[in-house]
Amino acid sequence: MTLDRTIERGLEWADQALGFFYPDVCQICGDRRSTRAEGYVCSDCRARPDGVRFIKEPFCDTCGLPHSGDISHEFQCANCREMELHFSHARAAVIATDLLLDVIHRYKYKQALWFEPFLADLLIRSTAPEISRSSVDAIVPVPLHPIKEREREFNQARRLAALLSKASGIPVLDHAAKRVLDTRTQTQLTRSERAKNMRHAFKATTRTSLKGRRIVVVDDVLTTGATTSACAHALRQAGAADVVVWTVARGL
């Protein structure tokens, strides 16, 4: 079965389940109407102060961290100045607000696949125009370790990458990298602990030549950039000419 068909079947299952229990109801507030096309997140919830907040300039030139004041020159945040990052730059569609983090947590860990159109729309709306007019060759989702993928039954980055590929026309190199270490969760770790935890976690495969290719790495959330940087490092070591990162949300 193809990846696209797997995604379609997952959404069909989600539709059937929600159609039985909560027909066209927002899965955040539980009150207002919302449909599959909206990812079951209503317009009122999106407009909440802790709802959808698209990232706009000014932000860090390297990691895309939003900056509250005016910037008239190139700017790099303290996090990027203190870390060795292996991607050229990283960008995210929206700020990781309470609503976004709740949706992503339920999507990743509770198989709430009905949120996928909502998350994919945020990513595609911001990312597809940018990468379509650049010289990007391929999209690479951040891989999960096989143990974690069996536990979750899917890789959220792979699914989002497939939808971004469909919207942008840029192919996915699904097996360009693999996760070789089953690292502990990054959630409660400090910046330095995150970087150490991810060191040597990824390895490029020999299935596809990366020599000279410009790659977009896709994931759900970027915080310090340790995970995506480690993945980018593996791709660069395998010959990728350039690696940039796009995620749905950016932690502050």
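As shown above, the structure is provided for reference.
Residues numbered from 1 in each chain as written. Predicted model: local features only at pLDDT ≥ 70, side-chain atom pairs only at ≥ 80, totals over all residues. Heavy atoms only, no water.

Colleague: Could you give an account of the overall build of the chain, with specific residues and numbers?
Modeller: Each helix and strand counted, the chain has nine helices and six strands in total. In summary, the chain has a C-alpha radius of gyration of 18 Å against a globular reference of 18 Å for 252 residues, a match within 12%. Each principal axis of the C-alpha distribution contributes one length, and for the chain these read about 50 × 50 × 35 Å. Within the chain, the proportion of its 252 residues that are buried is 50%. In the chain, the share of contacts with a sequence separation of at least 24, taken over all contacts with a separation of at least 6, comes to 72%. For the chain, the exposed area adds up to about 12700 Å²; of that, 48% sits on carbon and sulfur atoms. In the chain, the 36 positive side-chain charges and the 30 negative ones have mean positions that sit 5 Å from each other. (Helix = DSSP H or I, 4+ residues; strand = E, 2+ residues; numbered from the N terminus. Rg over C-alpha atoms; globule rule 2.2 N^0.38 Å. Buried < 20%, exposed > 50% of the residue type's maximum accessible area, 1.4 Å probe, protein only. Contact = heavy atoms within 4.5 Å. Areas by Shrake-Rupley, 256 points an atom, 1.4 Å probe, with all protein chains shown as cover. Lys, Arg positive; Asp, Glu negative; His and termini not counted. Charge placed at Lys NZ, Arg CZ, Asp CG, Glu CD.)

Colleague: Hey, could you go over unusual backbone geometry for me, with residue numbers and the actual values?
Modeller: Put simply, Glu-57 and Pro-58 share a cis peptide bond, and its omega is 10°. Structurally, the position occupied by Pro-58 is in the loop between helix 2 (43–46) and helix 3 (78–82). Phi at Tyr-40 takes a positive value of approximately 60°, unusual for a residue other than glycine. Tracing the sequence through the fold places Tyr-40 in the loop between helix 1 (3–21) and helix 2. Positioned with a positive phi, Glu-153 is a non-glycine residue whose angle comes to about 75°. Structurally, Glu-153 can be placed in the loop between helix 6 (146–152) and helix 7 (156–168). Look at Glu-153 and you get exposed, because its relative accessible area is 61%.

Colleague: Give me the lowdown on the pattern of salt bridges, citing residues and values where you can.
Modeller: Enumeration according to the criterion identifies 12 salt bridges in this entry. Across the salt bridge formed by Arg-158 and Asp-174, the nearest N and O atoms sit 2.8 Å from each other. Note that Arg-158 is positioned in helix 7 and Asp-174 in the loop between helix 7 and strand 3 (177–179), a separation of 16 residues in sequence. Shared partners join several salt bridges into a network, and the residues in it are Glu-149, Arg-158 and Asp-174. (Salt bridge = Lys/Arg side-chain N within 4 Å of Asp/Glu carboxyl O.)

Colleague: Give me the lowdown on the environment of Phe-118, citing residues and values where you can.
Modeller: Positionally, Phe-118 belongs in helix 5 (residues 116–132). Phe-118 gets classed as buried once you look at its relative accessible area, which sits at 1%. When the C-alpha atoms of Phe-118 and Val-103 are compared, they prove to be 9.3 Å apart, with 15 residues separating the residues in sequence.

Colleague: An account of the environment of Leu-235 is needed here, citing residue identities and associated values.
Modeller: With respect to the helices, strands and loops of the structure, Leu-235 is situated in helix 9 (residues 226–237). Measuring from C-alpha to C-alpha, the distance between Leu-235 and Ala-176 comes to 7.8 Å, with 59 residues separating the pair along the chain. In this view, Leu-235 contacts Val-140, Ala-176, Ala-177, Leu-210, Ile-215, Val-217, Ala-240 and Val-243; residues no more than four positions away in its chain are not counted.

Colleague: Got a sec to walk through the pairing of strand 1 (residues 90–95)? Specific residues and values, please.
Modeller: Counting buried residues along strand 1, six of its six residues qualify, which places the element largely inside the surrounding structure. Where strand 1 and strand 6 (residues 242–250) come together, five bridges link them in parallel fashion. By the bridge assignment for strand 6, Val-94 is matched with Ala-249. (Pairing = 2+ DSSP bridges.)

Colleague: How would you sum up the nonpolar core? Please name residues and give values.
Modeller: By size, the foremost hydrophobic cluster in this structure holds 38 residues, and its most contacted members are Leu-100, Phe-118, Leu-119, Ile-131 and Val-248. Among the elements of the structure, strand 1, helix 4 (98–109), helix 5, helix 7, strand 5 (214–222) and strand 6 are those that each provide at least two residues to this core. Residues in contact with Leu-100, not counting those within four places in the same chain, are Gly-51, Val-52, Val-94, Ile-95, Phe-118, Leu-119, Leu-122 and Val-248. Membership of the second largest hydrophobic core comes to 31 residues, among which are Cys-80, Leu-85, Leu-173 and Val-217. (Core = buried A, V, L, I, M, F, W, Y, C linked by side-chain atoms within 4.5 Å.)

None of the figures reported here should be taken as evidence of function without further support.
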